[in-house]
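# Tertiary structure, described
Residues per chain, in single letters:
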Amino acid sequence: MWTFTSDPEEYAAVAEPFLLGDPVGNTVPLTVLADLRAGMPTKDPHFGWWTADGQVRGAVFRTPPHPVGLTAMPVEAVAPLVAAIGDDLTALVGRVELTSEVARLLGPPRRMVSERLYRLSALAIPDVPGRGRLAVPGDFPLLVSWYHAFSEEVRLGEEADVAERVARRLAGRELFVWEAGGAPVSLAALSPAAGAVCRIGPVYTPPSCRRRGYGAAVTAFASQIALAERCDDVVLFTDLDNPTSNAIYQGIGYVPVSDHAYIAYA
């Protein structure tokens, strides 16, 4: 049975213990919950949880303009969820067995992006010229432009307010850059710990600076900071259609956890 609410604390009281049972697999919903508690602005959020035999077995969340997010859940929970959401189900992201069930019920989506969740096993620091550092306020205009460029490349929807997002992440010490030749050449963001797990993303290197190892270097640097100061596990998502990034992350010690997909009908 699905139960829905717009109150994040009501949702947390019921669903958070379930989410914390797998903090790596539930990195996104746990981070969303932490961000909301920290004052992240959002309009008309929606949350839900699936119960069977008196226990929570799955959850769903949406913080517009982001797609509907699915946690792990029994496949039989998908059809009643789709029926409940109705025409508001324009885009969603979740484990591939769940998004496949949605596609079976609603037909082929207009767009699908296959993703893989990785967890850091043993960090290998790449030998790349330059140095990593925490981003500072002086980096703000460059980082805003890189966030815009990243959104255009991945085509998963623009942030509602990129400047506000970057400013908030700067203030939270969540953004890191790799410098080479005295100038920033790559960016990695690091989410705050949620369930003792931090998540890397986005990672962005401008086209003129690619194929020099900067993305691997800044990811490894942010991962090192995470493990030393902030969390017990570090994770990230990759686009499975980008074999280069998947190879890079595996090369610095990330191992596959589970496959996911983003599907869009609008």
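Whatever comes next refers back to the structure up there.
Just so you know, the residues in each chain are numbered from 1, in the order the chain's sequence is written. At least 70 in pLDDT is required for a residue's local features to be given in this predicted model, at least 80 for side-chain atom pairs to be given and counted, and no such filter applies to totals for whole chains, interfaces and linings, which use all residues. Calculated side-chain values reflect all of the structure's heavy atoms, with hydrogen atoms and water omitted.

This part takes up the packing of helix H3 (residues 78–85) against helix H4 (residues 96–106). Their axes nearest at 10 Å, the elements H3 and H4 cross at an angle of 60 degrees. By the criterion of interaxial angle, the relationship of H3 to H4 is oblique. Crossing of H3 against H4: the hand is right-handed. Each of Val78, Ala79 and Val82 in H3 lies in contact with H4, whose residues at this interface are Leu98, Glu101, Val102, Leu105 and Leu106. Considering only residue class, the contact of H3 with H4 consists of seven nonpolar, no polar and one charged. Lines fitted to the C-alpha atoms define the axes, with helices restricted to the stretch that makes contact. Angles between their N-to-C directions range from 0 to 180 degrees. A run of DSSP states H or I qualifies as a helix once it reaches four residues; a run of E qualifies as a strand once it reaches two. Both are numbered from the N-terminal end. We call two directions roughly parallel when the angle between them is under 35 degrees, roughly antiparallel when it is over 145, roughly perpendicular when it lies between 65 and 115, and oblique otherwise. Crossing handedness is defined as follows: a turn of the near helix away from the far one that is anticlockwise and smaller than a right angle gives a left-handed crossing, while the clockwise case is right-handed. Contacts are assigned to residue pairs with any non-hydrogen atoms lying within 4.5 Å of each other. Note on residue categories: nonpolar means Ala, Val, Leu, Ile, Met, Phe, Trp, Tyr, Cys or Pro, charged means Asp, Glu, Lys or Arg, and polar means any other residue, Gly included.

Two numbers describe how helix H5 (residues 140–154) lies on helix H6 (residues 162–171): the axes approach to 9 Å, and their chain directions differ by 125 degrees. The angle between the axes of H5 and H6 places the two elements in the oblique class. Along this stretch, H5 crosses H6, giving a crossing that reads as right-handed. Contact residues: H5 offers Phe140, Leu143, Val144, Tyr147 and His148, while H6 offers Val162, Ala163, Arg165, Val166, Ala167, Arg169 and Leu170. Looking at the contact of H5 with H6, its residues break down into nine nonpolar, one polar and two charged.

In this scheme, a residue with accessible area under 20% of its type's maximum is buried, one over 50% is exposed, and one in between is partly exposed, where area comes from a 1.4 Å probe on protein chains only. What helix H8 (residues 243–251) keeps buried is the set Ser245, Asn246 and Tyr249. Here the buried residues of H8 occupy an arc of 100 degrees about the axis, which is enough to place them on one side. What points out from H8, more than 90 degrees from its buried face, is the exposed set Pro243 and Gly251. Elements in contact with the buried residues of H8: strand E6 (111–120), strand E10 (197–204), helix H7 (214–230), strand E11 (233–239) and strand E12 (254–264). Note: the arc covers the axis-to-C-beta directions of the helix.

One finds Phe176, Trp178, Ile200, Tyr214, Val234 and Tyr254 to be the most contacted residues of the largest nonpolar core, which totals 28 residues. Elements supplying a minimum of two residues to this core: E6, strand E8 (175–180), strand E9 (183–190), E10, H7 and E11. The element contributing the most residues to this core is H7, with nine residues. Here Tyr214 is in contact with Val128, Pro129, Trp178, Ala180, Val185, Ser186 and Cys209, once residues within four sequence places are set aside. Each nonpolar core is a collection of buried residues, namely Ala, Val, Leu, Ile, Met, Phe, Trp, Tyr and Cys, held together in the definition by side-chain atoms within 4.5 Å.

Checked against the element boundaries, Pro17 lands in helix H1 (residues 8–20). By relative accessible area, which is 55% here, Pro17 ends up exposed. Placed 199 residues apart in sequence, Pro17 and Ala216 show a C-alpha to C-alpha distance of 34 Å.

The subject of this paragraph is the sheet that holds E10. For two strands to pair, DSSP has to find at least two bridges joining them. In space, the 12 strands of this open sheet follow the order E1-E2-E3-E4-E5-E12-E6-E11-E10-E9-E8-E7, with mixed pairing throughout. Bordering the open sheet on either side are strand E1 (2–5) and strand E7 (131–134), each of which pairs with just one other strand. Adjacent strand axes in the sheet meet at a mean angle of 25 degrees when their direction is disregarded. Two elements, E9 and E10, share three bridges in a ladder whose sense is antiparallel. Along E10, the bridge assignment pairs Ala188 with Val203. In the packing of H8 onto the sheet, the strands contacted are E6, E10, E11 and E12, and the crossing angle to E11 comes to about 160 degrees.

Our focus in this paragraph is the packing of aromatic side chains. To pair, rings of Phe, Tyr and Trp, with the six-membered ring standing in for Trp, must have centres within 6.5 Å; the planes then decide the type, stacked if under 30 degrees apart, edge-to-face if over 60, and tilted in the middle. Taken as a whole, this structure holds six aromatic pairs when the rule is applied. Judged by centre distance (6.1 Å) and plane angle (55 degrees), the rings of Trp146 and Tyr204 are tilted. In this pair, Trp146 sits in helix H5 while Tyr204 sits in strand E10, placing the two residues 58 residues apart along the sequence. Each member of the pair, Trp146 as well as Tyr204, is classed as buried. Here Phe176 and Phe221 contribute two aromatic rings whose centre-to-centre distance is 6.0 Å and whose plane-to-plane angle is 70 degrees, an arrangement assigned as edge-to-face.

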